[in-house]
Amino acid sequence: MDRLNKSARLMIVSDLDHTMVDHHDPENLSLLRFNALWEAYYRHDSLLVFSTGRSPTLYKELRKEKPMLTPDITIMSVGTEITYGTSMVPDEGWVEVLNKKWDRNIVTEETSKFPELKLQAETEQRPHKVSFYVQKDKAQEVMKELSEKFVKRGLDVKIIYSGGMDLDMLPQGAGKGQALAYLHKKFKAEGKLPQNTLVCGDSGNDAELFTIPEVHGVMVSNAQEELLQWHAENAKNNPKVIHATERCAAGIIQAIGHFNLGPSKSPRDVMDSSDSVPENFEPGHDIVRFFLFLERWRRAEMEYSELYLAGLKALSFPSSVFVHPSGIEQSILDCTNALRRSYGDKQGKQYRVWVDQVTTTEIGSNIWLLKFNKWEISGDERRGCVATVLLSSEDLSPSEGFTWVHMHQTWLDGAGAKDHTDWVC
Ligand code: GLC
Ligand code: MG
């Protein structure tokens, strides 16, 4: 919440399954495109919020499976749990709001009378969420009967059907939309209401997100029938909500462009890095661009040329030091030699690189300190390091980029490479 000292330029509030994350894309390309766009142009002044139906347990599993960024705020269990930052500090105020008019025991008692309802896994039963599976053809009937039962028991329960199979019961004041409204209210009280908010979703539990005043919204192309139907009945004439023609994260990028919310060309969509220089040149962009080069170089998706290596050398000081995560110090010469040897070594293999949580600070005139996590997937192995980099922007010519003064990497806990030599830089 306190990471930015002024209003976020853009706050993206996105669902995960089948919205940010495409489970039908084993290469995760649209997610990686989004990641590069976010870290290059948005991380420093914008907020990323993930809003998922998953419990903390299943959310953490997804993070291990997919190359996801770390959000600033995580909303889980269909808007019933809000946490902040990397360490996921819970919002106790939200818990108090939800405790009002909620009696979990009555909900479980009433639902147990419906044989059509099949209880979901134990991990998905949360203090303010009771979840079942129900067949599509039974859903409407069951929902109607249940809500009548709850009214009779004096309980205000929100019943949400998602993905053509999941039935969630929450306090009436909960849900993804209410959680976002609560965040907006908090930001407003601090004078930091985001300049723009973009909400992104694909299924029933996302519908509420589109009802929050002032927000832009995107239903990804692969949105579920129940969301499209809700839209047709409730938000058809709202020009601030679009149904993208692109799937998942590609649909989010499409919406950023459609609503003119900021840069919408991912560095991953630019092959020749010299024509990708934006007007407001960001050091974060340089980091993204460099590691994208590394990926393409090792996958041999670009032609081999000594010119690239000479260019890199020209962008460093002769005395620059690069500390490899194994602790070994490398000169720029060592680094370029390692790069030369690694050309094409991942050709035709599963190999992707992405950076997360790039923070940039101008610590002196023309000197920038950057810190970020750098991740690689290589075959079945996923490894990561925390990196700090010193960049100089003296004599900056945007087509060349910043000068690399120093880089220091350290393996992230439990995420070191098995073979240190396979981590080039
Ligand atoms: C996620 C949750 C599940 C919930 C569904 C729809 O899949 O794990 O409990 O029912 O989202 O909100
Ligand atoms: Mg979804």
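As shown above, the structure is provided for reference.
For every chain, the first residue of its written sequence is number 1, and the numbers climb from 1 along that sequence. Each chain is given a letter, starting from A, and each ligand a number, starting from 1, according to the order in which they appear as written. Side-chain atom pairs in this predicted model are given and counted only at pLDDT of 80 or more, local residue features only at pLDDT of at least 70, and totals for whole chains, interfaces and linings cover all residues. Values shown for side chains rest on all heavy atoms present in the structure; no hydrogens or waters enter the calculation.

Peer 1: I keep staring at the pairing of strand β8 (residues 157-162) and nothing clicks. Help me out?
Peer 2: Side chains on a regular strand alternate between the two faces of the sheet. Note on classification: 1.4 Å probe, protein chains only; a residue is buried when its accessible area is under 20% of the maximum for its type, exposed when over 50%, partly exposed between these limits. Helix and strand definitions follow DSSP, with helices as H or I runs of at least four residues and strands as E runs of at least two, each counted in order from the N terminus. Of all six residues in β8, six are buried, a share of seventy percent or more. The alternating pattern of β8 places Val 157, Ile 159 and Tyr 161 on one face and Lys 158, Ile 160 and Ser 162 on the opposite face, and all of these are buried.

Peer 1: What should I look at first to understand the coordination of the magnesium ion (ligand 2) in this one?
Peer 2: Where a metal carries four tetrahedral donors, each ideal angle is 109.5 degrees; where it carries six octahedral donors, the ideal angles are 90 or 180 degrees. Protein coordination at the magnesium ion (ligand 2) comes from Asp 15 (OD), Asp 17 (O) and Asp 202 (OD), with a distance range of 2.1 to 2.3 Å. Water is absent from the atoms considered, so a metal site may look incomplete; donors are defined as N, O and S atoms within 2.8 Å of the metal, or 3.2 Å for Na, K and Ca. Linear spacing of the donor residues for the magnesium ion (ligand 2) on their chain is D-x1-D-x184-D. A residue pair is termed long-range when its members are at least 10 positions apart, and Asp 17 in the loop between β1 (11-14) and α1 (29-41) and Asp 202 in the loop between β10 (197-201) and β11 (216-219) qualify at 185 residues.

Peer 1: Before we go on, may I ask you to explain the packing of helix α9 (residues 283-298) against helix α11 (residues 332-342) in this structure?
Peer 2: How two helices sit against one another is set out by the angle between their axes and by the gap between those axes. Here α9 crosses α11 at 40 degrees, and the two axes come no closer than 9 Å. When the axes of α9 and α11 are compared, the pair comes out oblique. Between α9 and α11, the residues in contact are Phe 293, Leu 294, Trp 297 and Arg 298 and Leu 339, Arg 340 and Ser 342, respectively. Tallied by class, the residues present in the contact of α9 with α11 amount to four nonpolar, one polar and two charged. Angular values range over 0 to 180 degrees, each being the angle between N-to-C directions of two axes fitted as lines to C-alpha atoms, with helices fitted over their stretch in contact. For classification, angles of less than 35 degrees are called roughly parallel, those exceeding 145 degrees roughly antiparallel, those between 65 and 115 degrees roughly perpendicular, and all remaining angles oblique. In this analysis, two residues are considered to be in contact whenever any of their non-hydrogen atoms come within 4.5 Å of each other. Basically, the charged four are Asp, Glu, Lys and Arg, the nonpolar ten are Ala, Val, Leu, Ile, Met, Phe, Trp, Tyr, Cys and Pro, and anything else, Gly included, counts as polar.

Peer 1: Whenever I open this one, the packing of aromatic side chains confuses me. Can you help?
Peer 2: What characterises a pair of aromatic rings is the spacing of the ring centres plus the angle enclosed by the ring planes. Only rings of Phe, Tyr and Trp enter the pairing, Trp through its six-membered ring, and a pair is recorded when the two centres are within 6.5 Å. The plane angle decides the type: under 30 degrees is stacked, over 60 is edge-to-face, the rest tilted. Counted according to the given criterion, the structure contains 17 aromatic pairs. Ring geometry for Phe 293 and Tyr 308: centres 5.9 Å apart, planes at 45 degrees, overall tilted. Here Tyr 308 lies in helix α10 (residues 306-314) and Phe 293 lies in helix α9, a separation of 15 residues in the sequence. Here a set of aromatic residues connected by ring pairs shows up, and it is made of Phe 290, Phe 291, Phe 293, Trp 297, Tyr 304, Tyr 308, Tyr 343, Phe 372 and Trp 404. Placement of a charge over a ring requires the Lys NZ or Arg CZ to be within 6 Å of the ring centre, with the centre-to-atom vector within 35 degrees of the ring normal. Across from the ring centre of Trp 423, 3.8 Å away, lies the NZ or CZ of Lys 374, which sits over that ring.

Peer 1: What's the story with helix α5 (residues 136-152) in this structure? I'm lost.
Peer 2: Since the α-helix advances by 3.6 residues per turn, residues separated by three or four positions end up pointing in the same direction. If you check α5, its first and last C-alpha atoms are 25 Å apart, about what 17 residues at 1.5 Å a residue would give, namely 24 Å. Among the residues making up α5, those that are buried are Ala 139, Val 142, Met 143, Leu 146 and Phe 150. On its buried face, α5 is in contact with α4 (104-111), β8 and β9 (166-171). The first or second residue beyond α5 is Gly 154, which carries a positive phi of 75 degrees. Given a helix with a known number of residues, its expected span is that number minus one, times 1.5 Å.

Peer 1: It is not clear to me how the site of ligand 1 should be interpreted in this structure. Could you clarify?
Peer 2: Residue proximity to a molecule or strand is established when one non-hydrogen atom of the residue lies within 4 Å of it. All residues in the neighbourhood of ligand 1 are listed as Gly 53, Arg 54, Leu 58, Val 78, Gln 120, Glu 124, Lys 129, Ser 131, Ser 162, Asp 166, Asp 168 and Asn 205. Identification of polar contacts relies on pairs of N or O atoms within 3.5 Å, with a donor-acceptor requirement for protein atoms, meaning one able to donate a hydrogen and the other able to accept it, and with residues adjacent in sequence counted only if both atoms are side-chain atoms. Here an oxygen atom of ligand 1 and a side-chain polar atom of Lys 129 are 2.7 Å apart. Within the side chain of Asn 205, one N or O atom sits 2.7 Å away from an oxygen atom of ligand 1. Considering ligand 1 on its own, with 310 Å² of exposed area, one finds that the protein chains cover 86% of that surface. Along the lines of polarity and charge, the residues of the shell around ligand 1 split into two nonpolar, five polar and five charged. Per-residue and other accessible areas were derived by the Shrake-Rupley procedure at a 1.4 Å probe size, with only the shown protein chains allowed to occlude residues.

Peer 1: Quick question: what am I supposed to make of the nonpolar core here?
Peer 2: Generally speaking, nonpolar side chains in soluble globular proteins are found buried as a group. We define a nonpolar core as any set of buried Ala, Val, Leu, Ile, Met, Phe, Trp, Tyr and Cys residues linked to one another through side-chain atoms lying within 4.5 Å. With 69 residues, the main nonpolar core has Ile 12, Met 20, Phe 34, Leu 198 and Phe 291 as its most contacted residues. A total of eight residues in this core trace back to one element, the largest contributor, which is α1. Boundary definitions for the domains trace back to an automatic or database domain assignment. For this core, the two domains that each supply at least three residues are domain 1 (10-90 + 174-268) and domain 3 (271-411). Sequence-distant contacts of Phe 34, defined by excluding residues within four places in its chain, comprise Ile 12, Met 20, Leu 48, Leu 69, Ala 249, Ile 252 and Ile 253. Judged by nonpolar contacts, the second largest core, of 31 residues, contains Val 49, Ile 82, Ala 174 and Val 241.

Peer 1: How do you make sense of the sheet that holds strand β6 (residues 118-119) when you look at a structure like this?
Peer 2: Strand pairs in the sheet, formed through backbone hydrogen bonds, run parallel or antiparallel to each other. Taken together, four strands build an open sheet; the order of strands is β6-β7-β9-β8 and the sheet is antiparallel. Either end of the sheet is taken by a strand with one partner, and the two such strands are β6 and β8. Two strands are counted as paired when DSSP detects at least two bridges linking them. Here β6 runs beside strand β7 (residues 130-133); their pairing, made up of two bridges, is antiparallel. Bridged to Leu 119 within β7 is Phe 132. Against the sheet, α5 contacts β8 and β9, and its axis sits at roughly 175 degrees relative to β8.

Keep in mind these values describe shape, not function.
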